[in-house]
Amino acid sequence: MLAIAANPIPLAASARAAANDQGGQLAAVCASCHRLDGGEKGIPSMIGLDEDRLTRAMLAYRSGERSSHIMRAIALSLSDEEIATVARFLAAQGKKAEPP
């Protein structure tokens, strides 16, 4: 425990890396329809979109406020924390796409 208190920065970096890994794993589901390379052909990419906007969109699909059977099923499979994690991951990948 003394090592944790004496050197908290590596733990914070490790926690961020773990969250980023989880975000990448969760975003793999998105890749089946949305491009994760920032390209704009077909279904729009979500790379680089605003984190809050992505989170609100997923919550709207989950509640039924926004209509899409596929997106609703995906949103229902994710917890609030997972939605926030994947939105944070996608937003952090760099702005390459325009909002849908």
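Residues numbered from 1 in each chain as written. Predicted model: local features only at pLDDT ≥ 70, side-chain atom pairs only at ≥ 80, totals over all residues. Heavy atoms only, no water.

The subject of this paragraph is the packing of helix H3 (residues 51-63) against helix H4 (residues 69-76). It is the contact of H3 with H4, at a shortest axis distance of 8 Å, that shows an interaxial angle of 100°. Our classification of the angle between H3 and H4 gives roughly perpendicular. Contacts between H3 and H4 involve Met 58, Tyr 61, Arg 62 and Ser 63 from the former and Met 71, Arg 72, Ile 74, Ala 75 and Leu 76 from the latter. Residue composition of the contact of H3 with H4, grouped by class: 6 nonpolar, 1 polar and 2 charged. (Axes fitted to C-alpha atoms, helices over the stretch in contact; angles between N-to-C directions. Helix = DSSP H or I, 4+ residues; strand = E, 2+ residues; numbered from the N terminus. Parallel < 35°, antiparallel > 145°, perpendicular 65-115°, else oblique. Contact = heavy atoms within 4.5 Å. Nonpolar A, V, L, I, M, F, W, Y, C, P; charged D, E, K, R; others polar.)

Turning our eyes to something else, we now look at the packing of H3 against helix H5 (residues 80-92). One way to put it is that H3 packs onto H5 with a least axis distance of 8 Å and a crossing angle of 140°. Judged by the inter-axis angle, H3 sits oblique to H5. Of the two elements, H3 crosses H5, and the hand of that crossing is right-handed. Here Glu 51, Leu 54, Thr 55, Met 58, Leu 59 and Arg 62 of H3 come into contact with H5, specifically with Asp 80, Ile 83, Ala 84, Ala 87, Arg 88, Leu 90 and Ala 91. In terms of residue class, the contact of H3 with H5 is made up of 8 nonpolar, 1 polar and 4 charged. (Left-handed = near helix turned anticlockwise from the far one by under 90°.)

Within the largest apolar cluster, 17 residues are counted, with the highest numbers of intra-cluster contacts made by Met 46, Leu 54, Met 58, Val 86 and Leu 90. Those elements that provide at least two residues to this core are helix H2 (8-30), H3, H4 and H5. Element by element, the count of residues in this core is highest for H5, at 5 residues. Among all residues touching Met 46, those that are not within four sequence positions of it are Cys 30, His 34, Arg 35, Leu 54 and Leu 90. (Core = buried A, V, L, I, M, F, W, Y, C linked by side-chain atoms within 4.5 Å. Buried < 20%, exposed > 50% of the residue type's maximum accessible area, 1.4 Å probe, protein only.)

Further remarks concern H3. In this model, H3 (13 residues) spans 18 Å end to end at C-alpha, consistent with the 18 Å of a helix rising 1.5 Å per residue. Leu 54, Thr 55, Ala 57, Met 58, Ala 60 and Tyr 61 are the residues of H3 that are buried. On the buried face of H3, the contacting elements are H4 and H5. The backbone nitrogen of Asp 52 has a side-chain oxygen 3.2 Å away, supplied by the residue at the start of H3, namely Asp 50. Of the residues trailing H3, Gly 64 is marked for its positive phi of about 90°. (Expected span 1.5 Å × (residues − 1). Polar contact = N/O pair within 3.5 Å; in protein donor to acceptor, adjacent residues only side chain to side chain.)

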